[in-house]
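# Observations on the model geometry
Letter by letter, the chains look like this.
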Amino acid sequence: MNAATLWQRYQDWLYYHEGLGFYLDVSRISFDDAFVAQLQPKFEKAFQDMAALEGGAIANPDEDRMVGHYWLRNPDLAPTPEIKQDITQTIEQIETFTKKILSGAIHPPQAPRFTDILSIGIGGSALGPQFVADALAPDFPPLGIHFIDNSDPAGIDRVLTRLRNRLSSTLVIVISKSGGTPEPRNGMLEVKRVYAGQNLDFSHYAIAITTPDSKLDQLAKSEKWLATFPMFDWVGGRTSEMSSVGLLPAALQGIDIQTMLAGAKEMDDATRVPDLKKNPAALLALSWYYAGNGRGEKDMVILPYKDSLLLFSRYLQQLVMESLGKEKDLDGNVVNQGIAVYGNKGSTDQHAYVQQLREGVPNFFATFIEVLEDRQYGSPELEPGTTSGDYLSGFLQGTRQALYDNHRDSITVTIPQVNPRTVGALIALYDRAVGLYGSLVNVNAYHQPGVEAGKTAAAAVLDLQKRILQVLEDESRSLSIAQLAEKAQATDQIETIYKILRHLYANKRGVILNGNVGDPSSLTVMSN
Ligand SMILES: O=P(O)(O)OC[C@H]1O[C@H](O)[C@H](O)[C@@H](O)[C@@H]1O
């Protein structure tokens, strides 16, 4: 395509939203008009599906749930007055609570104010708050935030050691929609012990965000924690940033949550338009579909040229991959759908993996995220007429061009600034694009049945560990691993047994291994 034709294509497909100052450029995705026309009927259906979902349909049939994250930013859309009230009351509760914490009206027993937040959660109960904190928290927030998002003992130690001297003014927010996920439960129990170790009554520091009446909710109420905030059945974890999950931590860091909600609402309005060319989420879904042949054949590489958006790709990884990565379609056919997502930031990645993007396996399409404003105040010229922001902008354009010249397609999203309005809008944009794409490829984008298999298998490993520890205690003599497996009636689990023993031994957990640890058949084991 020559420069004039390409410039025309750019203008023909450029989407601009005046209120948000938001641009979307899909001109470097190589679809043609025939392809767009061919997808039109699928889009008609996708727009209808989204309208039904927003109207309160059971859009997540397997879990028999409504899908209501759009109502969070426009409670007037909620299908019942009760749901509308739940949303508005929760936001009021968050705002009132935040004011009390920031003013010191609610304060820890031994300090005039809370200084820090320790957020404990995983998946959808961590990724949104982490992304928003990194993107939007002021340089000196009223409360600094820290995260425990894993069951890694060393990771937990690292966070707690850094907070050791401020634990008595640290507010702990335990976030779990289900209230039964093992990782946040473990994190909470460990943190609770450390509070007890410093003679601090955990209940004066702890808050729960969870579904009413979940295990976590019951615990928080029975122990009289400082507060509980509801998470709703009809909000999925990965779309929960605009629920109490994201709003409470954001508000406590001094982030303007009303503006974040307003930005999301504006984008929701724009992405509700049932006209492909006038709907930026539909343009994204179209581009994804074209790039990956409707089967996720190409990975989505997210390249924000702004340090504060670094965690956006990690946030989108869950949103896109947990939503679209499905074995079966809605009719029960095996389709193995999905789109892989990765990325960090530009121009940093230019010096890491962009080499492969330009010249290696052509198995991806890029999404550049451009931020027009370089920094809050003016920039110095590093050489006549050139600032570091000019370099960053040039690197973005240059990489886009270099990829295109080598037949690597890309999308460019442009926002005026990173602020609560644009971050809200970006989250809403991708929420809707994923919903529309899910409909195009006919999958349920709102459940995650594949996650269960790993959880069930992990629970079985922990059960097996208990059994073998019992056998070792009962035997009180050395056994080979094969003998141990036989006695535990788990000969089909011998490899797992070897790995459990190796882990217990490394942590001095009451087993002694003799022999060559690299040669499982030589090993004998006994309890000590
Ligand atoms: O918020 P929770 O109920 O603790 O869930 C946390 C996460 O864990 C699960 O395994 C799901 O796959 C995620 O979608 C969810 O966000």
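These numbers come from a predicted model, not from an experiment. (Residues numbered from 1 in each chain as written. Predicted model: local features only at pLDDT ≥ 70, side-chain atom pairs only at ≥ 80, totals over all residues. Heavy atoms only, no water.)

The next subject is the overall build of the chain. Check the secondary structure of the chain and you find 18 helices and 14 strands. Here the chain has a C-alpha radius of gyration of 26 Å; the compact-globule value for 528 residues is 24 Å, and the two agree. Across the 528 residues of the chain, 49% fall into the buried class. Long-range pairs, those at least 24 residues apart, make up 71% of the contacts in the chain with a sequence separation of at least 6. In the form shown here, the chain has an accessible surface area of approximately 24,000 Å², with 50% of it arising from carbon and sulfur atoms. (Helix = DSSP H or I, 4+ residues; strand = E, 2+ residues; numbered from the N terminus. Rg over C-alpha atoms; globule rule 2.2 N^0.38 Å. Buried < 20%, exposed > 50% of the residue type's maximum accessible area, 1.4 Å probe, protein only. Contact = heavy atoms within 4.5 Å. Areas by Shrake-Rupley, 256 points an atom, 1.4 Å probe, with all protein chains shown as cover.)

Once that is clear, we can look at a negative patch on the surface. A cluster of acidic residues, E373, D374, E381 and D390, forms a negative patch on the protein surface. When you line up the elements, E373 lands in the loop between β10 (364-371) and α14 (388-405). (Patch = residues over 30% accessible without salt bridge, like charges linked within 9 Å, V, L, I, M, F, W, Y side chains within 5 Å. Salt bridge = Lys/Arg side-chain N within 4 Å of Asp/Glu carboxyl O. Lys, Arg positive; Asp, Glu negative; His and termini not counted. Charge placed at Lys NZ, Arg CZ, Asp CG, Glu CD.)

With that settled, consider the UniProt feature "active site" (unreviewed entry) in the chain. The feature "active site" (unreviewed entry), as annotated in UniProt, sits at E322, H351 and K455 in this numbering. These annotated residues cover 134 residues of sequence, and their C-alpha atoms reach 37.3 Å apart at the extreme, placing them across more than a single site. Turning to its location among the elements, H351 is positioned in the loop between β9 (341-342) and α13 (354-359). In this structure, K455 sits in helix α16 (residues 449-475). (UniProt positions renumbered as here; feature names shortened; annotations may be inferred.)

What follows concerns the side chain of T271. Its place among the elements puts T271 in helix α10 (residues 257-271). For T271, the side chain forms a polar contact with the side chain of R432, separated by 3.1 Å. When sequence neighbours within four positions are dropped, the list of residues in contact with T271 reads N279, P280, A281, L429 and R432. (Polar contact = N/O pair within 3.5 Å; in protein donor to acceptor, adjacent residues only side chain to side chain.)

Around the ligand sit 13 residues, and of these S125, S176, S178, T181 and E322 come closest. Between the ligand and T181, the relevant distance is 2.5 Å, taken from an oxygen atom to a side-chain nitrogen or oxygen of the residue. Between the ligand and the protein, one listed contact pairs an oxygen atom with a side-chain N or O atom of E322 at 2.6 Å. In isolation the ligand has 390 Å² of accessible area, and contact with the protein removes 88% of it. Put simply, the parts of the chain that give the shell around the ligand at least two residues each are α12 (312-324) and α16. Residue composition of the shell around the ligand, by class: 2 nonpolar, 8 polar and 3 charged. (Near = heavy atom within 4 Å. Nonpolar A, V, L, I, M, F, W, Y, C, P; charged D, E, K, R; others polar.)

This part is about the side chain of S169. Tracing the backbone shows S169 in the loop between α6 (153-163) and β5 (170-175). If we skip the residues at most four places from it in the chain, S169 touches P108, A111, R113, F114, T115 and D116.

Residues of α6 that are buried include every one of I156, V159, L160 and L163, and no others. Within α6, the buried residues cover an arc of 95 degrees as seen down the axis, which keeps them to one side. In α6, the exposed positions that point more than 90 degrees away from the buried face belong to A154, R158 and R162. Capping the start of α6 is the job of one residue whose side-chain oxygen sits 3.1 Å from the backbone nitrogen of A154: D152. (Arc of directions from axis to C-beta.)

Before going further, it helps to spend a moment on the pairing of strand β4 (residues 144-148). With 4 of its 5 residues buried, β4 lies for the most part within the structure. Here strand β3 (residues 116-120) pairs with β4 via 5 bridges, running parallel. Directly across from I120, in β4, lies its bridge partner I148. Handedness of the crossover is the feature at issue here: the chain leaves β3, passes through helix α5 (residues 127-136), returns alongside β4, and the resulting connection is right-handed. (Pairing = 2+ DSSP bridges. Right-handed = clockwise from strand over helix to strand, strands pointing away.)

Let us look at the environment of T422. With respect to the helices and strands, T422 occurs in helix α15 (residues 420-440). Sequence-wise, T422 and M260 are 162 residues apart; in three dimensions their C-alpha atoms are separated by 7.5 Å. If we ignore the near neighbours within four places in the chain, the residues touching T422 are L20, I415, P416 and Q417.

Taken together, L382, Y391 and F395 make up a surface patch of nonpolar side chains, about 290 Å² in accessible area. In this fold, F395 is placed in helix α14. When its relative accessible area of 36% is taken as the criterion, F395 is described as partly exposed.

Turning to the pairing of strand β14 (residues 524-527), a few remarks are in order. When strand β12 (residues 479-480) meets β14, the two strands line up antiparallel, connected through 2 bridges. Each residue of the ladder has a partner; that of S480, found in β14, is T524. Two strands pair when backbone bridges link them, and strand β13 (residues 511-514) and β14 are joined in this way by 4 bridges, in the antiparallel orientation. Across the sheet, the residue bridging to N514 is T524, located in β14.

Core analysis: the biggest nonpolar cluster contains 129 residues, and F131, W288 and Y430 have the highest contact counts within it. If one sorts the elements of this core by residue count, α15 sits on top with 12 residues. If sequence neighbours within four positions are ignored, Y430 has contacts with L284, W288, I302, F312, L316, L319, T367 and V413. In this structure, V471, A488, V511 and L523 belong to the second largest nonpolar core, which totals 19 residues. (Core = buried A, V, L, I, M, F, W, Y, C linked by side-chain atoms within 4.5 Å.)

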